Amino acid sequence: MVAMPEYEFVDVYVPRGVSRKETTRLLTDHAEYGHWELYRLSLLRDGSRRVRLRRRIIRQVRATW
């Protein structure tokens, strides 16, 4: 039986006044330092962005002696 990977998610809201370059830098920082990856990006009607990031949860397996 193969276990499915587990993920944790975080939602980031980027207001409409923030440029694409600033948004890219923000998401790059999350990815580089927090080990997050882009899961979904929604561009809303008012020009703001809703971004969902995810990262894999690594569970430690107890060693049996």
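Nothing here was measured: the structure is a model prediction, and the numbers come from that model.

A. Broad picture of the sheet that holds strand β3 (residues 49–57). In spatial order, the strands read β1-β3-β2; together these three strands make up an open sheet with antiparallel pairing. The outermost strands of the open sheet, each flanked by one partner alone, are β1 (6–14) and β2 (37–43). Shown here is a sheet whose adjacent strand axes are inclined to one another by a mean of 20 degrees, direction ignored. Its contacts with the sheet put helix α1 (residues 20–34) on β1, β2 and β3, and the angle it makes with β3 is roughly 15 degrees.

B. Fine view of the packing of aromatic side chains. Tallied over the entire structure, the rule returns one aromatic pair. Ring plane angle 65 degrees and centroid distance 5.2 Å describe the contact between F9 and Y39, whose orientation is recorded as edge-to-face. Of the two residues, F9 sits in strand β1 while Y39 sits in strand β2, which places them 30 residues apart along the sequence. By relative accessible area, Y39 is classed as partly exposed at 37%. Cation over ring: R54 sits above Y7, and NZ or CZ is 4.1 Å from the ring centre.

C. View of the side chain of R49. The residue R49 is located in strand β3 in this model. Despite its burial, R49 remains without a salt bridge, the nearest opposite charge being carried by D46 at 9.3 Å. Within the structure, the side chain of R49 is placed 3.4 Å from the backbone oxygen of V18, a separation counted as a polar contact. Apart from residues no more than four positions distant in its own chain, R49 is found in contact with V12, Y13, V14, V18, S19, R20, T23, S42 and L43.

About the cut-offs
- Residues numbered from 1 in each chain as written.
- Predicted model: local features only at pLDDT ≥ 70, side-chain atom pairs only at ≥ 80, totals over all residues.
- Heavy atoms only, no water.
- Pairing = 2+ DSSP bridges.
- Helix = DSSP H or I, 4+ residues; strand = E, 2+ residues; numbered from the N terminus.
- Axes fitted to C-alpha atoms, helices over the stretch in contact; angles between N-to-C directions.
- Contact = heavy atoms within 4.5 Å.
- Phe/Tyr/Trp six-rings, centres within 6.5 Å; stacked < 30°, edge-to-face > 60°.
- Buried < 20%, exposed > 50% of the residue type's maximum accessible area, 1.4 Å probe, protein only.
- Lys NZ or Arg CZ within 6 Å of the ring centre and 35° of its normal.
- Lys, Arg positive; Asp, Glu negative; His and termini not counted.
- Salt bridge = Lys/Arg side-chain N within 4 Å of Asp/Glu carboxyl O.
- Polar contact = N/O pair within 3.5 Å; in protein donor to acceptor, adjacent residues only side chain to side chain.

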